[in-house]
Amino acid sequence: MSIFPASDANWWRQAVVYQIYPRSFADANGDGLGDIAGITSRADYLQQLGVDAVWLSPFYPSELADGGYDVADYRNVDPRLGSLADFDKMLSALHSRDIRVIVDIVPNHTSDQHEWFQAALKAGRGSPERDRYIFREGKGPNGDEIPSDWVASFGGPSWTRVEDGQWYLHNFAPQQPDLNWSNPDVRADFVKTIRFWADRGVDGFRIDVAHMLVKDLSMDPLPTKEELDAIPVDGNHPMWDRDEVQDVYAQWRAVFNEYDPPRMAVAEAWVASDRVPRYANPHSLGQSFNFDLLEADFDAVQFRRIVTHNLSLAAGSGSSSTWVLSNHDVVRHPTRYGLPNPARRADGKPAIKHGQEWLQRDPDGPVLQREQGLRRARAATTFILGLPGSTYIYQGEELGLHEVYELDSSERQDPTFFRTHGEEVGRDGCRVPLPWTASGTSHGFGANGSHFPQPDWFGKYSVETEEGDLESPLRMYRSALALRKQLETSETMEWIETGRDDVLAFERPNGWKVVTNFGTEPYAYATDTVALSSEPVFVENGKVEIPGETTVWIAG
Ligand code: BGC
């Protein structure tokens, strides 16, 4: 039961949402794995930080083949993380502090441990149980050739053969069989899941790989990988972003709207930006992640283009934009910004995942500029927090944490590492448990160590250390989130010309201004009302001198 005013159906439009990766946030029972009671125990911390909502990455029963994105039971809590009763306690602890809760729904695939997949294996070919997944005969006279040469997201083939000779599709790890969204059981079961959490009082849903669910694999033979990649993604692609996926979301939207206030939803849809409004409109999920900044350099020209474009997309679809610099799938932004910019392909996308080459610890690879990376991260964060729309922050970014590269092969958990035979180290480096204290067992994460080892330098970035430092990232985030309330009265901004390509400035309707110097030469701006700055600045004679790689907020 939500405690929020029923009329506040729009709370999400400019919310600051804090992403919790539950297994690495706080461990209350001392088993080395973060848990639900751990989140409850940190409710005051979240309130003091000033976030409007938390989004919980999956906490459901899972074999952890993909950090919980392999769900074995969608309507329960992993016993290692607690119980439904613990979940309810957490929900009321957060609600009573005015913090909403968003849960992650993973509809493209289940875990291979899910009762449906186990039943499908037993029931055999042609059975209704198999029809809930995507099973197919192989090629060749005995069907022992793989149905297609497609490559799964974490590397390796997209098809795995089962004992009786059929093959099943998995766009991710083999432990994540893709569901068949043409099957009515699948549709009905997810509606049940959504209602289950909405009835418990959950305020919103993050929809994992929202663009993938519905597929058309009726062709025989299947296209090759090369042919598949060449098909335009325009609503008719066999696999991605098919127009029919919107029928699923229209049905979900009707369910969300039965609640008061309506439940919000945000799509994780990796689609071309002109197709984003299909997900981010009031008849569909309502909001969609904008990941453009995850792929951008710390560069004024790129930031300006991305902001202008996404604000106009959001306005056109009746949604609000989202701003994201870090999440559980990418190298943390202070680290990205402390490394050389990645080379870019002809279409402007980074040629390699930013930071991967450094994570390999190649002795000839780039050296991380820790201080500069963090300085830029502070400037970029305060820039996006001044924008209209909602901001998603990832646990630990408020501490200025860098990516952890010091993990041994034997400590890695990400399927990417195993499926690429170590060629890509994967995403574990941003999933190391948070440092709450400067020293002590697992830096206050739990009483008995942590499922990933924390490096020595974590103490410097701990909550305890940063509490006592007025200039710390934690104190900066708190101040920004508190001041931001004054900006949330409108959803617009206007660019201010600065006379420099490497300096961006914009004004909100209440007269507040945000000025970011992406360059290295100082920039002087006439004001004597600096409300916040990402680095110390001096105001003299009615002017603030903004040093390089610094943002200031100016009160109206
Ligand atoms: C999630 C990943 C996950 C994948 C498969 C994503 O986009 O964010 O962490 O591995 O979906 O579920």
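In what follows, the structure referred to is the one given above.
Residues numbered from 1 in each chain as written. Predicted model: local features only at pLDDT ≥ 70, side-chain atom pairs only at ≥ 80, totals over all residues. Heavy atoms only, no water.

Visitor: Can you lay out the side chain of Ser148 for me, pointing to particular residues and giving the numbers?
Guide: If you trace the backbone, Ser148 turns up in the loop between β4 (135-136) and β5 (159-161). Not counting the four nearest positions on each side in its chain, Ser148 is found in contact with Trp159, Leu222 and Pro223. (Helix = DSSP H or I, 4+ residues; strand = E, 2+ residues; numbered from the N terminus. Contact = heavy atoms within 4.5 Å.)

Visitor: Explain the site of the ligand to me, using residue names and the numbers behind them.
Guide: With respect to spatial proximity, 13 residues lie near the ligand, and among them Asp66, Asp208, Glu268, His328 and Asp329 are the closest. One of the side-chain nitrogen or oxygen atoms of Arg206 is found 3.0 Å away from an oxygen atom of the ligand. At 2.9 Å, a side-chain N or O of His328 approaches an oxygen atom of the ligand. Protein chains bury 96% of the 300 Å² of accessible surface belonging to the ligand in isolation. The residue inventory of the shell around the ligand, partitioned by class, reads 4 nonpolar, 2 polar and 7 charged. (Near = heavy atom within 4 Å. Polar contact = N/O pair within 3.5 Å; in protein donor to acceptor, adjacent residues only side chain to side chain. Areas by Shrake-Rupley, 256 points an atom, 1.4 Å probe, with all protein chains shown as cover. Nonpolar A, V, L, I, M, F, W, Y, C, P; charged D, E, K, R; others polar.)

Visitor: Would you mind going over empty space enclosed by the protein in detail, with residue names and values included?
Guide: Per the counting criterion, the structure on display carries 3 cavities of 30 Å³ or more. A volume near 80 Å³ is recorded for the largest cavity. In terms of residue class, the lining of the largest cavity is built from 3 nonpolar, 3 polar and 4 charged. In this structure, the second largest cavity spans a volume of roughly 40 Å³. Taken together, His333, Pro334, Leu374, Ala377, Arg378, Thr381, Glu397, Gly400, Pro473 and Tyr477 form the lining of the second largest cavity. Listing elements by their share of the lining of the second largest cavity, those giving two or more residues are α9 (333-337), α11 (370-385) and α14 (473-484). Taken together, the residues of the lining of the second largest cavity break down into 5 nonpolar, 3 polar and 2 charged. (1 Å grid on protein atoms, 1.4 Å probe; cavity = no way out; pocket = protein on both sides within 12 Å on 5 of 7 lines; lining within 4 Å. Points joined across faces, edges and corners; volume = space filled by probe spheres on them.)

Visitor: Before we move on, can you summarise the sheet that holds strand β6 (residues 167-169) with the specific residues and values?
Guide: Spatially, the 3 strands line up as an open sheet ordered β4-β6-β5, and their pairing is antiparallel. At either end of the open sheet lies a strand with only one pairing partner, and these are β4 and β5. Relative to β6, β4 runs antiparallel, the two being bridged by 2 bridges. Among the inter-strand pairings, Phe135 is bridged to a residue of β6, identified as Tyr168. (Pairing = 2+ DSSP bridges.)

Visitor: Can you tell me about helix α3 (residues 84-95), naming the residues and giving the values?
Guide: Taking 1.5 Å per residue as the helical rise, α3 with its 12 residues ought to reach 16 Å, and the 16 Å between its terminal C-alpha atoms agrees with that figure. Structurally, α3 contributes buried residues whose contacts are with α1 (36-41), α2 (43-49), β2 (53-56), β3 (100-105) and α5 (184-200). (Expected span 1.5 Å × (residues − 1).)

Visitor: Kindly report on the nonpolar core, identifying the contributing residues and their values.
Guide: It is characteristic of soluble globular proteins that their nonpolar side chains tend to be buried jointly. One finds Tyr18, Phe205 and Trp252 to be the most contacted residues of the largest nonpolar core, which totals 132 residues. Ranked by residues supplied to this core, first place goes to α11 with 7 residues. Not counting the four nearest positions on each side in its chain, Trp252 is found in contact with Ile105, Pro107, Trp181, Phe190, Val191, Ile194, Ile207 and Leu285. Counting 10 residues, the second-largest nonpolar core is a separate cluster that includes Val515, Tyr523, Val537 and Val544. (Core = buried A, V, L, I, M, F, W, Y, C linked by side-chain atoms within 4.5 Å. Buried < 20%, exposed > 50% of the residue type's maximum accessible area, 1.4 Å probe, protein only.)

Visitor: Give me the packing of aromatic side chains: which residues, what numbers.
Guide: Each pair of aromatic rings is reported with the distance of its centres and the angle of its planes. According to the stated counting rule, one finds 37 aromatic pairs in the structure shown. Taken together, a centroid distance of 4.7 Å and an interplanar angle of 45° make the contact between Phe298 and Phe518 tilted. Of the two residues, Phe298 sits in the loop between β9 (286-288) and α8 (300-317) while Phe518 sits in the loop between β14 (513-517) and β15 (523-526), which places them 220 residues apart along the sequence. The class of Phe298 is buried, set by a relative accessible area of 8%. Here the aromatic rings of Phe417 and Phe418 are separated by 5.3 Å at their centres, their planes lie at 80°, and the arrangement is edge-to-face. (Phe/Tyr/Trp six-rings, centres within 6.5 Å; stacked < 30°, edge-to-face > 60°.)

Visitor: Tell me about the pairing of strand β8 (residues 264-267), and please be specific about residues and values.
Guide: A two-sided burial pattern is seen for β8, the buried positions comprising Met264 and Val266 on one face and Ala265 and Ala267 on the other. Note that β8 and β9 share 3 bridges and pair parallel. In the sheet register, Ala265 faces β9, and the bridge partner there is Gly286.

Visitor: With reference to specific residues and values, describe the packing of α5 against helix α7 (residues 245-256).
Guide: The contact between α5 and α7 brings their axes to 11 Å, and the two run at 30°. Between α5 and α7, the interaxial angle falls into the category roughly parallel. The element α5 and its partner α7 pack so that their crossing is right-handed. Facing α5, whose interface residues are Arg187, Phe190, Val191, Ile194 and Arg195, α7 presents Asp247, Val248, Gln251, Trp252, Val255 and Phe256. (Axes fitted to C-alpha atoms, helices over the stretch in contact; angles between N-to-C directions. Parallel < 35°, antiparallel > 145°, perpendicular 65-115°, else oblique. Left-handed = near helix turned anticlockwise from the far one by under 90°.)

Visitor: Would you mind going over the pattern of salt bridges in detail, with residue names and values included?
Guide: Think of it this way: side chains of opposite charge can pair up when their charged atoms draw near. All told, the structure shown has 39 salt bridges when counted by the stated rule. Close ionic contact of Asp104 with Arg206 constitutes a salt bridge, the shortest N to O distance being 2.9 Å. Within this pair, whereas Asp104 is found in strand β3, its partner Arg206 is found in strand β7 (residues 204-207), the two being separated by 102 residues in sequence. Classification of Asp104 as buried rests on a relative accessible area of 0%. (Salt bridge = Lys/Arg side-chain N within 4 Å of Asp/Glu carboxyl O.)

Visitor: How would you explain the pairing of β14 if you had to name every residue and give the values?
Guide: For β14, the buried fraction is high: 4 of the 5 residues fall into the buried class. Pairing geometry for strand β13 (residues 503-507) and β14, over 5 bridges, is antiparallel. Directly across from Glu507, in β14, lies its bridge partner Lys513. Where β13 hands over to β14, the hairpin turn is made up of 5 residues, of which Gly511 adopts a positive phi near 95°.

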